[in-house]
Amino acid sequence: MHNLGRNYPCTVKHYKHSLIGFRKMQSRKLRIIQLILVILFLPGISFAQQTLDEIDATPWADAVSPLDGAAPVMESIPFRQVKHVNSDRQISLSGTWNLSDGQGISVNASVPCGIHYALMEAGVIPDPRLGRNDTIAEQCSYKEWTLERTFQYDGSMTDPLLSFKGVANKCRVWLNGEMIGEHEGMFGGPDIAVGSFLRKGENTIKVELSRILVLGGGWTKDANESWKNTVVANCVYGWHYCRIPSLGIWNDVLILDRPVNRIENPFIMTRHHNGDMRLGLTIPETTSGEIRLLITPDNFKGQSQAYKASINNAKGNVAFDFHINNPQLWWPNDAGEQHLYRAEVQLVKDGKIVSVCSRRFGVRTIEMKPLPIAEEEQAKCYKWLFCINGRDMFIRGTGWCTMDVMLEFTRERYERFLAVARQQHVQMIRAWGGGMPETDTFYDVCDELGIMVLQEWPTCWDSHFVQPYDLLKETVERNTVRLRNHPSLAMWGGGNESYNLVSPTIDMMGRLSKELDGTRVFHRGEPRGGSRHDYHCWWENAPITYNLRMTAHFWGEFGIPSLPNIETINHYMNGERYEWPPKPESTFTHHTATFGYSEDIENLTQYAGYFMPFTSLEDVILGSQLAQTEGVRHTLERARTMWPETTGALYYKLNDNYPGLSWSSVDYQGAIKPLHYFARRAFAPTTSVLLFDTTNLARQEVILPYYLLNDDTTLNGKQMKAHLTVWNHRMECVYDSTFTLVPKQMVEKIADIKLNATQTTSEMLYLKTDLIGTGNKVIARNWYFSNYETRQGVLLESKASEVVMKKKGNRIIITNLSNHPAVGVTLSAPGYAKIFMPSDNYVWIDPHETITITTNVPQSVAIDWWNRKRF
């Protein structure tokens, strides 16, 4: 039986760096107190017969889900009988506004935007991402600003509603000289009825942004703790990464038409992946007539279908069942296609269409099953086994950070980072409580790429006890309704790393997740109930070997930070000279995880130093990135071998909101780190892996468990071979064996690989495993490097190979001319790192083997490899 470890880390230093300080050191006591409170307030529970999901949900057991109860069945009608019309009218107020501080600054701002981006674009402040310019930008958050524009209105709307989709953070709104509303909270609102304020012709709207308050006393030094007294994306307040509190109209501004007879908030629910569906609607005013529903394929060719149902004096929330014939399902990445439909819902009165809503959706179900653990353990664990469209799946994933401190949430940037995630075989992203309920664009791209989302509400480290309840409630209500039609949305979470999770606020979140959605599970917090976060590596200075042995039922967070690409560093160094060790006041130190306040440089020295000397910036970058690679890929692979006791692994994290030393596998500018390619191999649907208990095998007799991992059911029952070779630093093959396999399960042990001390006595040890299918075609390749701690830099000193490269269109053809492998063969695109995306990288090439890699910028490709002749 695997040792699954504790559900929560117990690392004093990590708690300190999670803003809880001493209180988090008492997490065991808090959990005991929590359990006592649950017992006191939830009498009569038989814990041994319930999972933690059921125990946690007891406070909202009386809540009614949109899926509860029976609903009238819509009549199927010929699609040609239904007329397509556009959705209810709206006016967009996005575009050019005037931004001013009332003290002489007056510039154009392209709304939606943050004020810092607008000021940078206008040349008022220098780029906050360069040097230490963030300290200049930060001061702009502590001033009051006004955004103003004029617009035309033709007077034709019945009951116009002014709707702000996102303002950071506290504002007052004026229309034609009258104050019409005020609001606090970053994630939607205010919504203001403006029929009596609008004029036919020209109108003037003004939004006054209140300054961000300053509250000290937190972690790190100089961090602004005022985020705990409101509802914002708190990762820009200085506890990590950057300190530029958000300010601005960062999302769309609309004027919506609201006919007296109208429908709102359509919700398309999948009752069963056989096509049994439910339509939920809100009818604000008592209405009679007919509801018509048009279902059309959105991203594929298929059958369009239509339905109708009568309503009589209907008001409030209504529901109707319908059936999609031959439904094309939405699947996560690698599990199938991402079929999307478009639903157009019409309210027809007296034969006339009076209101229309449109939403995109997918047909898919997610059922959470209990872990295969003892019954008495069920009360301590959530149901962590994902059954998607009837198929049990191990979930491969990563964390997601709010994408940009400057609030530049463009589709282009989303597509870059999420396309990298898709290439990495990521199936789930955790949008954690340090960030935000993500944007519609983010979810649209996730829908299209098959990337599920665990969406947490913006709370961290027990902040839900002090954040305003009403502001959080509004955030949950607005954004649950906004996001619930996205098939990529898989789970709701109460927030990040709170350890006292019995509170009215968390209960409110759980209740609303059921009342407004009901199709997804809600977890009170993360980690909890079998999931785990662990940062012994880095915050506790544990050796990388520690991460090789870690286990959990479900990984919510772990990792090691690394430096970004050298082009990114050179950009933010902004002409400042690099030196080692960097000075505390240097730009290099300032762009570390905690601005250099928490042994960032000392920790970087330790982990990069396992691999490389500090003779150049390139060496420090490579050392840190390989430490990150080793500290993550092994944990991911071990987790997959432990199915079904372990059901998923999300490492921390994919991306950054600011350039610098970070846990991301893609840096802020979009440059891909080595971790991406090794995680891609660890996450490949079908692959073979070796399990290591230590990073240094030198002079030891070792046994390495060798596994086949196969999430591709189409390969079950088909014969394949696993070929494993081991090479020393002289590039002598010390082990070579082939195994015949016929996969039947997701995880199958191939063999225990035994190496004696003679075979492992080497400055470097390389191991390569191929899965070989019909016609000797390599299905998957994975490879490892060990013993690198014997001497700094030894990684690049093994017997040299001769490699040649040819370019043919977007194909890079690489041949190893030597009688031994070429390892760590790396392509780069100088000057294009932030967009470069080869089909593979950091590869192994067998003796006399030729491989082909495709790339999006072939004209600029350069090549290097670890065992290249360097002298």
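Residues numbered from 1 in each chain as written. Predicted model: local features only at pLDDT ≥ 70, side-chain atom pairs only at ≥ 80, totals over all residues. Heavy atoms only, no water.

## Let's talk about the packing of helix H13 (residues 566-573) against helix H16 (residues 617-641)
Working step 1: Axis separation between H13 and H16 bottoms out at 11 Å; the angle between their running directions is 125°. Between H13 and H16, the crossing angle belongs to the class labelled oblique. For the pair H13 and H16, the crossing hand works out as right-handed. Contacts between H13 and H16 involve Ile566, Ile569 and Asn570 from the former and Leu617, Glu618 and Ile621 from the latter. (Axes fitted to C-alpha atoms, helices over the stretch in contact; angles between N-to-C directions. Helix = DSSP H or I, 4+ residues; strand = E, 2+ residues; numbered from the N terminus. Parallel < 35°, antiparallel > 145°, perpendicular 65-115°, else oblique. Left-handed = near helix turned anticlockwise from the far one by under 90°. Contact = heavy atoms within 4.5 Å.)

## Some points on the confidence of the model for the protein chain
Working step 1: Looking at the protein chain, pLDDT values average 93 and 94% of them are 70 or higher.
Working step 2: Under a pLDDT of 50 for its full length, residues 1-48 has, in the predicted model, 93 contacts with residues more than four places off or in other chains. (pLDDT = per-residue confidence, 0-100.)

## Some words on the sheet that holds strand S3 (residues 95-100)
Working step 1: Taken together, 6 strands build an open sheet; the order of strands is S4-S3-S5-S11-S8-S9 and the sheet is antiparallel. Looking along the sheet, the strands with just one partner apiece sit at the ends: strand S4 (106-111) and strand S9 (178-184). With direction set aside, neighbouring strand axes in the sheet form an average angle of 25°. (Pairing = 2+ DSSP bridges.)

## Remarks on the packing of aromatic side chains
Working step 1: As enumerated under the stated definition, the model contains 43 aromatic pairs in all.
Working step 2: On the basis of an interplanar angle of 85° and a centroid distance of 5.2 Å, the ring pair of Phe442 and Tyr443 is categorised as edge-to-face. Each member of the pair, Phe442 as well as Tyr443, is classed as buried.
Working step 3: An aromatic cluster is built from Trp227, Trp239, Trp432, Trp461, Tyr535, Trp538, Trp539, Tyr607, Tyr610, Tyr652 and Trp663, whose rings are joined through pairwise contacts.
Working step 4: The residue whose ring lies beneath Arg391 is Trp331, and the NZ or CZ to ring-centre distance is 4.2 Å. (Phe/Tyr/Trp six-rings, centres within 6.5 Å; stacked < 30°, edge-to-face > 60°. Buried < 20%, exposed > 50% of the residue type's maximum accessible area, 1.4 Å probe, protein only. Lys NZ or Arg CZ within 6 Å of the ring centre and 35° of its normal.)

## Describing the packing of helix H15 (residues 600-609) against H16
Working step 1: Contact pair H15 / H16: the axes reach a minimum separation of 7 Å and the direction vectors enclose 80°. Taken together, the axis directions place H15 and H16 in an arrangement best described as roughly perpendicular. The segment H15 lies against H16, with Leu604, Tyr607 and Ala608 engaging Val620, Gly623, Ser624 and Ala627.
Working step 2: Of the residues in the contact of H15 with H16, the class split is 5 nonpolar, 2 polar and no charged. (Nonpolar A, V, L, I, M, F, W, Y, C, P; charged D, E, K, R; others polar.)

## Considering the pairing of strand S13 (residues 253-256)
Working step 1: By the bridge criterion, 3 bridges tie strand S2 (residues 90-92) to S13 in an arrangement that is antiparallel. Bridge pairing in S13 links Ser92 to Leu254.
Working step 2: Sheet topology places strand S6 (residues 161-164) next to S13; 4 bridges connect them, and they run antiparallel. By the bridge assignment for S13, Leu162 is matched with Ile255.

## A closer look at H16
Working step 1: The terminal C-alpha atoms of H16, which comprises 25 residues, lie 37 Å apart, in line with the 36 Å expected from a rise of 1.5 Å per residue.
Working step 2: In terms of burial, H16 is largely enclosed, as 24 of its 25 residues are buried. (Expected span 1.5 Å × (residues − 1).)

## Thoughts on the layout of surface pockets
Working step 1: Space inside the second largest pocket adds up to approximately 850 Å³.
Working step 2: Along the wall of the second largest pocket there are 36 residues; nearest its centre are Glu618, Leu622, Thr826, Tyr842 and Asp864.
Working step 3: Of all the secondary-structure elements, those providing two or more residues to the lining of the second largest pocket are H13, H16, helix H17 (674-683), strand S39 (822-828) and strand S42 (862-864).
Working step 4: Of all the elements, H16 adds the most residues to the lining of the second largest pocket, at 5 residues.
Working step 5: When grouped by side-chain class, the residues that make up the lining of the second largest pocket number 21 nonpolar, 8 polar and 7 charged. (1 Å grid on protein atoms, 1.4 Å probe; cavity = no way out; pocket = protein on both sides within 12 Å on 5 of 7 lines; lining within 4 Å. Points joined across faces, edges and corners; volume = space filled by probe spheres on them.)

## Observations concerning the sheet that holds strand S41 (residues 850-854)
Working step 1: Judged by pairing direction, the sheet is antiparallel, and its 3 strands sit side by side in the order S37-S38-S41 without closing on themselves. Single-partner strands in this sheet number two, and they are strand S37 (803-808) and S41. The average undirected angle you get between the axes of adjacent strands in this sheet is 20°.
Working step 2: Sheet analysis places S37 next to strand S38 (residues 811-816), joined by 6 bridges and oriented antiparallel. Across the sheet, the residue bridging to Met805 is Ile814, located in S38.

## Examining helix H10 (residues 504-516)
Working step 1: If you check H10, its first and last C-alpha atoms are 18 Å apart, about what 13 residues at 1.5 Å a residue would give, namely 18 Å.
Working step 2: Along H10, the residues classified as buried are Thr505, Ile506, Met508, Met509, Gly510, Leu512 and Ser513.
Working step 3: The secondary structure elements touched by the buried residues of H10 are helix H9 (469-483), strand S25 (489-493) and strand S26 (521-523).
Working step 4: Gly518 occupies a position one or two residues after H10 and carries a positive phi of about 85°.

## Quick look at the pattern of salt bridges
Working step 1: Evaluation of the coordinates by the stated rule reveals 54 salt bridges.
Working step 2: Between Asp127 and Arg129 there is a salt bridge, with its nearest N and O atoms 2.9 Å apart. This pair shows no difference in class: Asp127 is buried, exactly as Arg129 is.
Working step 3: With its nearest N and O atoms 3.7 Å apart, the salt bridge here joins Asp298 to Arg342. Of the two residues, Asp298 is situated in the loop between strand S15 (276-297) and strand S16 (305-323) and Arg342 in strand S17 (residues 341-349); the sequence distance between them amounts to 44 residues.
Working step 4: The exposure class of Asp298 is partly exposed, given its relative accessible area of 32%.
Working step 5: Among the residues examined, Arg342 registers a relative accessible area of 30% and is labelled partly exposed. (Salt bridge = Lys/Arg side-chain N within 4 Å of Asp/Glu carboxyl O.)

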